[in-house]
Amino acid sequence: MTDTTITAVEPYILHVPVTGNMVQDSTHTLTHWGVVGTKITTASGIEGYGFTGTHAHLPSDRLITDCIRTCYAELLLGEDACDVQRLWHKLYGYPFVQWVGRTGITHLALAAVDTALWDIKAKAAEQPLWKLLGGATVERLEAYNTDGGWLSLDAQTVANTCRKLVEQDGYRGVKIKIGSDDPRADLKRIELVRKTIGSDPTLAVDCNGRWNLTTMLSIAPRLPDYDILWVEEPIFYDDLAGHVRLSQAMATPIALGEQLYALDNFRDFIAAGAVHWVQPDMTRVGGITEWLRVADLALAYRLPVVAHVGDMGQVHVHLSYAHPAAARLEYIPWIRECFTEPIRVQDGYYVRPEQPGAGATLRPDAVEKYAKELD
Ligand code: MG
């Protein structure tokens, strides 16, 4: 039997350029995506990889790798990497760490570790993760593309790019960013994109939490004119009461979850009827272990799951193929060249991964090219 005793925990930080070297949404400007994680090695030589996604800010990225190196590593060495659930709770419940943060930095660090453990478990079983989790629940997983809809692009460029994505590349859906200073400009942007792509493709819009309830309510009646699939993060992330009021007043469904860090937060939003499309991100909710719990919760409420891709889909493609609540998956190609099996979309559908593991294994040349010093 393969010896999966953990012998080494080695964090890493990569900063990878985004498309066109700069993108903006209503609240962020990005030049790079941070791939911040850890390699975990076992006695038999299996190397597990796991990471969280960041905005590539080196000082805060180092808080995550420091948490792995100085707090979590000693809890992992000598343990069996395949005891994933037990180790998740060992790290999550570690009093000294839990006391300083049950979410945020410590949870992002936990996500990286948990993913590396699942990666080892799947590699030891010689199966891609989706198969280890019970097999694919759909023949083909639909992809929707977000990378043409940035707020830093003018409306005509967004519309033209979205048309190319649906007409030439075969996407059945796109998402564009909104949430500028003038909501009327956003409505014009939405109108132009809908007119340009036609009525068939799905169109989602993402406000990144920028507007308040008043602004959102003022444009909500116009959205049905453009057949919007969902409004993502319409108002501030933690405002549960506001989302409840908005969901009662707005005909367009609400999507959120990328800034919810724990099962408990998802329970509160789902039980209150404040969300329609559930968007957990395994890089933020403490990894695959907690993501699966959130997806199960959504399933119990018969709500669709559309993961937010802090991993740019590398691991979520496995989870989304395997989980019956997963309805489609976002596609952004920024970091795919870093991995031994990059995500791939063909005719608008994600290609099912074949390599054993969780899809997070780094290519040595990518590490060479993008690695940052840990201190
Ligand atoms: Mg979003």
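Shown above is the structure to which this text applies.
Residues numbered from 1 in each chain as written. Predicted model: local features only at pLDDT ≥ 70, side-chain atom pairs only at ≥ 80, totals over all residues. Heavy atoms only, no water.

**Looking at the layout of surface pockets**
- Considered as a void within the structure, the largest pocket measures approximately 520 Å³ in volume.
- What lines the largest pocket is a set of 32 residues, among which Trp33, Gly53, Thr54, His55 and Arg284 lie closest to the centre.
- Residues from two domains meet in the lining of the largest pocket; each of domain 1 (6-126 + 363-370) and domain 2 (131-350) gives at least three.
- In this model, the second largest pocket occupies a volume close to 190 Å³. (1 Å grid on protein atoms, 1.4 Å probe; cavity = no way out; pocket = protein on both sides within 12 Å on 5 of 7 lines; lining within 4 Å. Points joined across faces, edges and corners; volume = space filled by probe spheres on them. Domains from an automatic or database assignment.)

**With respect to the pairing of strand β1 (residues 6-17)**
- Counting buried positions over the 12 residues of β1 gives 9, a clear majority of the element.
- Looking at chain direction, β1 and strand β4 (residues 32-42) are connected through 11 bridges and run antiparallel. Looking at β4, one finds that Leu14 is bridged to Val35. (Buried < 20%, exposed > 50% of the residue type's maximum accessible area, 1.4 Å probe, protein only. Helix = DSSP H or I, 4+ residues; strand = E, 2+ residues; numbered from the N terminus. Pairing = 2+ DSSP bridges.)

**Section: the packing of helix α4 (residues 105-124) against helix α11 (residues 288-300)**
- Running from N to C, α4 and α11 cross one another at 95°; their axes reach a closest spacing of 8 Å. Relative to α11, the element α4 is oriented roughly perpendicular. The segment α4 lies against α11, with His107, Asp114, Thr115 and Trp118 engaging Ile288, Thr289, Glu290 and Leu292.
- Across the contact of α4 with α11, the residue classes break down as 3 nonpolar, 3 polar and 2 charged. (Axes fitted to C-alpha atoms, helices over the stretch in contact; angles between N-to-C directions. Parallel < 35°, antiparallel > 145°, perpendicular 65-115°, else oblique. Contact = heavy atoms within 4.5 Å. Nonpolar A, V, L, I, M, F, W, Y, C, P; charged D, E, K, R; others polar.)

**Brief notes about helix α2 (residues 84-92)**
- Listed in full, the buried residues belonging to α2 are Val84, Leu87, Trp88 and Leu91. Along α2, the residues classed as buried sweep out an arc of 105° about the axis, all on the same side. (Arc of directions from axis to C-beta.)

**Observations regarding the pattern of salt bridges**
- Considering all chains together, one arrives at 21 salt bridges under this definition.
- One salt bridge in this structure joins Arg328 and Glu142, with 3.7 Å as the shortest N-O distance. Placement of Arg328 in the loop between α12 (316-322) and β12 (329-331) and of Glu142 in strand β6 (residues 141-145) is noted, with a sequence separation of 186 residues between them. Of the two residues examined, Arg328 and Glu142, each falls in the buried class.
- In this structure, Asp206 and Lys177 form a salt bridge, with 2.8 Å as the shortest nitrogen-oxygen distance. Note that Asp206 is positioned in strand β8 (residues 202-206) and Lys177 in strand β7 (residues 173-177), a separation of 29 residues in sequence.
- Residue classification places Asp206 among the buried positions, given a relative accessible area of 1%.
- Look at Lys177 and you get buried, because its relative accessible area is 6%.
- Here the residues in one salt-bridge network are Glu79, Asp83, Arg86 and Lys90, joined through shared partners. (Salt bridge = Lys/Arg side-chain N within 4 Å of Asp/Glu carboxyl O.)

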